[in-house]
Amino acid sequence: QVQLVESGGRLVQAGASLRLSCAASGRTFSSYTMAWFRQAPGKEREFVARISQSGLSIEYADSVKGRCTISRYNAENTVYLQMNNLKPEDTALYYCAAVPRCEVKVKVSTVSAWGPGTQVTVSS
């Protein structure tokens with residue numbers, strides 16, 4: 001019931017900022033917890049951030065806490081991830097994800113829909 005497409009990823013230098021966007025389709029978009037994950041070559045997909053349907057509950061991975069801000073605009077079916085002070089360790093394919101509100105945890109196994117990903121590369 002929901003389809004996701006990310007955009008905004010590109011090659012940047014360390015210290016730069018990026019805003020990733022996720023465009024969703026589906027009338028039930030607002031019923032999902034939305035999240036961002038990332039996966040570097042040879043590594044497992046890891047959680048980055050999540051935001052509840054109301055936008056009132058937000059969580060970040062320790063690796064990005066203080067540098068990233070997740071937001072959503074339900075009326076526009078969009079989710080954003082603002083990333084500041086990017087580091088080479090942030091290099092990865094970033095995925096937008098939808099998690100049903102009934103799920104207790106936000107993790108790879110509870111995601112019901114993934115976007116195809118957008119590549120972020122941070123050079124040093």
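Treat the numbers as computed from the prediction; the structure is a model and nothing was measured. (Residues numbered from 1 in each chain as written. Predicted model: local features only at pLDDT ≥ 70, side-chain atom pairs only at ≥ 80, totals over all residues. Heavy atoms only, no water.)

### Considering the sheet that holds strand β7 (residues 68-73)
What holds strands together in a sheet is hydrogen bonding between their backbones, with the strands either parallel or antiparallel. Just so we agree on the cut-off: Strand pairing follows a simple DSSP-based rule, namely that at least 2 bridges must link the two strands. Under the DSSP-based scheme used, a helix requires at least four consecutive residues in state H or I and a strand at least two consecutive residues in state E, with every element numbered from the N terminus. Each axis is a line fitted through C-alpha atoms, and for a helix only the stretch in contact is used; angles between axes span 0 to 180 degrees, taken between their N-to-C directions.
Read across the sheet, four strands follow the order β1-β3-β8-β7 without closing on themselves; strand pairing throughout is antiparallel. Looking at which strands have only one partner, the edges of the open sheet turn out to be β1 (3-7) and β7. Across this sheet, the average inter-strand angle for adjacent strands is 15 degrees, counted without regard to direction. Two strands pair when backbone bridges link them, and strand β3 (residues 18-25) and strand β8 (residues 78-83) are joined in this way by six bridges, in the antiparallel orientation. If you follow C22 over to β8, its bridge partner there is V79.

### Remarks on the nonpolar core
What counts is decided by this rule: Buried residues of nine kinds, namely Ala, Val, Leu, Ile, Met, Phe, Trp, Tyr and Cys, make up a nonpolar core once their side-chain atoms join them within 4.5 Å. Burial classes follow relative accessibility: with a 1.4 Å probe on protein chains only, a residue under 20% of its type's maximum area counts as buried, one over 50% as exposed, and anything between as partly exposed. The contact definition used throughout considers only heavy atoms, calling two residues in contact when any of these lie within 4.5 Å.
Among the nonpolar cores identified, the biggest contains 36 residues, and L4, M34, W36, I70, L81, M83 and Y94 are the most heavily contacted of them. Looking at this core, the elements with two or more residues in it are β3, β4 (32-39), β5 (46-51), β7, β8, β9 (92-100) and β11 (118-123). Apart from residues lying up to four places away in sequence, Y94 is in contact with E6, L20, W36, F37, R38, V48, L81, M83, G117, T118 and V120.

### Considering the pairing of β7
Burial along β7 is one-sided: the face carrying C68, I70 and R72 is buried and the face carrying T69, S71 and Y73 is not. Bridge count for β7 against β8 is six bridges, and the pairing is antiparallel. Bridging from a neighbouring strand, S71 pairs with Y80 of β8. From the end of β7 to the start of β8, which pair antiparallel, there are four residues, and N77 there has a positive phi angle of about 55 degrees.

### What about the environment of E46?
For clarity, the cut-off: In the analysis that follows, any N or O atom pair within 3.5 Å is treated as a polar contact, provided that within protein one partner can donate a hydrogen and the other can accept it, and provided that, for residues neighboring in sequence, both atoms belong to side chains.
One can find E46 in strand β5. E46 sits in the partly exposed class, given a relative accessible area of 35%. Sequence separation between E46 and R19 is 27 residues; the distance between their C-alpha atoms is 19 Å. When sequence neighbours within four positions are dropped, the list of residues in contact with E46 reads F37 and R38. In this structure the side chain of E46 is engaged in a polar contact, spanning 2.7 Å, whose partner is the side chain of R38.

### A closer look at unusual backbone geometry
Although it is not a glycine, N77 sits at a positive phi angle of roughly 55 degrees. Relative to the helices and strands, N77 resides in the loop between β7 and β8. With phi around 50 degrees, N85 is a residue other than glycine that occupies positive phi space. Examined against the element boundaries, N85 turns out to sit in the loop between β8 and β9.

### Examining the side chain of D90
Topologically, D90 is positioned in the loop between β8 and β9. At a separation of 2.9 Å, a polar atom in the side chain of D90 contacts the side chain of R38. Polar contacts involving the side chain of D90 include one to the main-chain amide nitrogen of K87, which spans 2.8 Å. Not counting residues up to four positions away in its chain, the partners in contact with D90 are R38, V64, R67, N85, V120 and V122.

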